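Fold and contact review
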Amino acid sequence: MRSALRTVLCAVGLLLPAVLFPSAAGADNPIVQTIYTADPAPLVHNGRVYLYTGHDEDGSTYFTMKDWRVYSSSDMANWTDHGSPMSLATFAWADANAWAGHVAHRNGRFYWYVPVRDRATGSMAIGVAVADSPTGPFRDAIGRPLVNNGEIDPNVFIDDNGQAYLYWGNPRLWYVRLNTDMISYSGNPTQIPLTTAGYGTRTGNPARPTLYEEAPWVFKRNGLYYNVFAAECCSEFIAYSTAPSATGPWTYRGTIMPRQGSSFTNHAGIIDFNGGSYFFYHNGALPGGGGFTRSVAVEKFTYNADGTIPTITMTTAGPPQTGTLNPFVRQEAETIAWASGVETEPSGEGGMNVGYIENGDYIKVKGVAFGNGASSFTARVASATSGGRIELRLGSATGTLVSTCTVTGTGGWQNWATVTCPVSGATGTRDLYLRFAGGSGYLLNLNWWQFTPSSGSGDDLLANGTMENGTAGWTTSGGTLSSATDVAHAGSRSLLNSGRTAAWQGPHQNVTAHLSNGKSYTTSVWVRSQSGTPSAKATLTLTANGTTSYIQLTPAQSVNANGWTHLTGTATVSWTGTLTSASFYVETTAGADGLYVDDASFQ
């Protein structure tokens, strides 16, 4: 059924596009346009930002929230929708109010702390769920409330010495020291004194003399502790205090984000990622938006030289992209910079797909690096009707048309088929728009897409370079090769070569039948370590006339366990005599650390 948000978007969009989104082609805030989202809780993990949000139901006139959502990005522009890995049903003891939570990573697991209504008492309590992956699924960690004092908005901070703190509260502010298991605590909850020196002065409300309202977000930078919070409802602004320790004493520092944004609440989260600092918040910017139908947005900022936080204003543009998107590896359809009209839903093939697509709807993908060009486009599609068309346009939804893919009926919305169509004119780095066209009603569903490089760019010699088909096409010269679903550069999988005993051991793929003597080949592969910081490189081994030689395809670069390193290079491949064996592989210059490999191409 057509959602209320979609109906408002389409109806209002026809009337007032310039008023709502003055630079529609450049607008990337709010982050999500397919549903209403609130209460952002960003987490940096393995080279990606994972964004955990609440979900305001369409047409809400209260904080009607039944589940939580997860999104992720490697470039702060294109966000992948991972769906809902946790809902009220996760907590058998809860019956309502899936409100603002926070996720912490420790012990190789992810802990999601959330306020929900305790069925037994009718009051708000803090629960904790756990997962082995940042995208879930999450399960109730203890089967009961962790804290139950009627207050909300949990936030977890882990200090440099390993001590974890849980903060929460409205109208008061509390903390408790968590144990290393992250699901129990030592001692009793401590109430933080809300003094005017620590949290500013509120006038006209003797019961609440300070500005603190709710939504604490505690972090540490350069030895200084920050508590960013929602101040003085209603409507709220974002303020902050600082302290020399995680428990205070706190000193009020002023406003970060003034009152604005068509929502009477706000909720902040701050992270550092790829050399930049980012401020997440919510507003009511989408059509139909307001205090109970909110949307998460983000801005990039720079700390002042003295460590203070500057005033930050909401924008529709959002932060600049921190890289480009590779169109020559599989991209999930639900990886989106901006969407108009479409929705997402769980896919029968796993993950999510884009659905409820009608004539004129579109998806924008930002900063797509076509390089020297693309020759074809492949998409995974389904349709319970007669289908429609996917128009590939550059620059805008009405921009240069580089291809049109016709989709016919497949016999069901989850009966998937693959279509391929030729592409002409897609070069350089451009914003890509997938615009959908056809008759009335729903046209098709889209699960994923991928371009093939043009002959000028070279054909990729590697099979399953995206690693989305598990270990298919790959072997290892030592150790154990497996498909990793908890760590991926793009998509949902990578290769893990664990148990290596020598530096030369790594993931291999035979390319003997595809090589041309004397030709130059370009390598691109993303690598990270399972532990340690070894130097990694891509290598080609050739055997011709009984002689084996080795060609270094990329410069060696240090890799680590905290993020992905891009290995790239161009090398000329030649041999004398008859080539009998050639293999592409990733190795280290020394050591035997386990290696993750993803999104490899050799062309």
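Residues numbered from 1 in each chain as written. Predicted model: local features only at pLDDT ≥ 70, side-chain atom pairs only at ≥ 80, totals over all residues. Heavy atoms only, no water.

Quick word on the overall build of the chain
- In terms of regular secondary structure, the chain is built from three helices and 44 strands.
- In terms of overall dimensions, the chain has a C-alpha envelope of 90 × 60 × 45 Å along the principal axes.
- Taking all 603 residues of the chain together, 58% fall into the buried category.
- Surface exposure of the chain reaches about 21,900 Å², of which carbon and sulfur atoms provide 49%. (Helix = DSSP H or I, 4+ residues; strand = E, 2+ residues; numbered from the N terminus. Buried < 20%, exposed > 50% of the residue type's maximum accessible area, 1.4 Å probe, protein only. Areas by Shrake-Rupley, 256 points an atom, 1.4 Å probe, with all protein chains shown as cover.)

Some thoughts on the confidence of the model for the chain
- On average, residues of the chain score 92 in pLDDT, and 95% of them are at 70 or above.
- Taken as a whole, residues 10-24 scores under 50 in pLDDT and shows 13 contacts with residues more than four places along the chain or in a different chain. (pLDDT = per-residue confidence, 0-100. Contact = heavy atoms within 4.5 Å.)

Considerations on the nonpolar core
- Counting residues in hydrophobic clusters, the biggest one holds 47 residues, and the most contacted among them are Y52, W112, V228, I270, F279 and I309.
- Listed in part, the 34 residues of the second largest apolar core include V368, L434, L444 and L446. (Core = buried A, V, L, I, M, F, W, Y, C linked by side-chain atoms within 4.5 Å.)

Section: the pairing of strand β3 (residues 65-73)
- Within β3, eight of the nine residues are buried, which leaves the element mostly enclosed by the surrounding structure.
- Pairing of strand β2 (residues 48-56) with β3, which is carried by seven bridges, proceeds in the antiparallel orientation. Along β3, the bridge assignment pairs Y50 with S72.
- Alignment of β3 against strand β5 (residues 86-87), held across two bridges, turns out to be antiparallel. Residue D67 lies in a different strand from β5, and its bridge partner there is S87.
- Where β3 lies against strand β4 (residues 79-81), two bridges are found, and the strand directions are antiparallel. The residue of β4 that forms the bridge with Y71 is D81. (Pairing = 2+ DSSP bridges.)

So, the environment of L211
- Summarising the element assignment, L211 is placed in the loop between α3 (196-199) and β15 (212-221).
- L211 gets classed as buried once you look at its relative accessible area, which sits at 7%.
- Along the chain, L211 and A231 lie 20 residues apart, while their C-alpha atoms are 5.1 Å from each other.
- Not counting residues up to four positions away in its chain, the partners in contact with L211 are Y199, G200, T201, R202, F229, A230, A231, E232, F237 and Y252.

What about unusual backbone geometry?
- Of note, the amide linkage connecting N29 to P30 takes the cis form, showing an omega dihedral of -5°.
- Tracing the chain through its elements places P30 in the loop between α2 (17-20) and β1 (36-45).
- Of note, the bond from G136 into P137 is cis; its omega dihedral lies within 30 degrees of zero at 5°.
- Mapped onto the secondary structure, P137 falls in the loop between β9 (124-131) and β10 (139-140).
- Within the chain, M76 stands out as a residue other than glycine whose phi angle is a positive 65°.
- Owing to a relative accessible area of 3%, M76 belongs among the buried residues under this scheme.
- The phi dihedral of N97 falls on the positive side, at around 70°, and the residue is not glycine.
- Residue placement: N97 occurs in the loop between β6 (94-96) and β7 (102-106).

Some words on the environment of H55
- If you trace the backbone, H55 turns up in strand β2.
- Judged by relative accessible area, H55 falls into the buried class, the value being 8%.
- Here the alpha-carbon distance between H55 and D39, two residues 16 residues apart in the chain, equals 8.7 Å.
- In this structure H55 touches I35, Y36, T64, M65, K66, D67 and R69, once residues within four positions along its chain are discounted.
- Side chain to side chain, H55 and D67 meet in a polar contact 2.8 Å long. (Polar contact = N/O pair within 3.5 Å; in protein donor to acceptor, adjacent residues only side chain to side chain.)

Looking at the packing of aromatic side chains
- Counted under the stated rule, the structure contains 35 aromatic pairs.
- With centroids separated by 5.9 Å and ring planes inclined at 75°, the aromatic side chains of Y199 and Y212 adopt a geometry described as edge-to-face. Linking Y199 in helix α3 with Y212 in strand β15, this pair joins segments that are 13 residues apart in sequence. Each member of the pair, Y199 as well as Y212, carries the same accessibility label: buried.
- Clustering of aromatic rings is evident, with ring pairs tying together Y52, W68, F91, W93, W112 and F138. (Phe/Tyr/Trp six-rings, centres within 6.5 Å; stacked < 30°, edge-to-face > 60°.)

Description of the state of the cysteines
- Here the structure, examined in full by the defined rule, presents two disulfides.
- Two residues share a disulfide in this structure: C233 and C234, whose sulfurs sit 1.5 Å from each other. Given an S-S torsion of about 55°, the disulfide between C233 and C234 has right-handed geometry.
- Since its relative accessible area comes to 25%, C233 is described here as partly exposed.
- Here C405 connects covalently by a disulfide to C421, the sulfurs 1.8 Å from one another. (Disulfide = S-S within 2.5 Å.)

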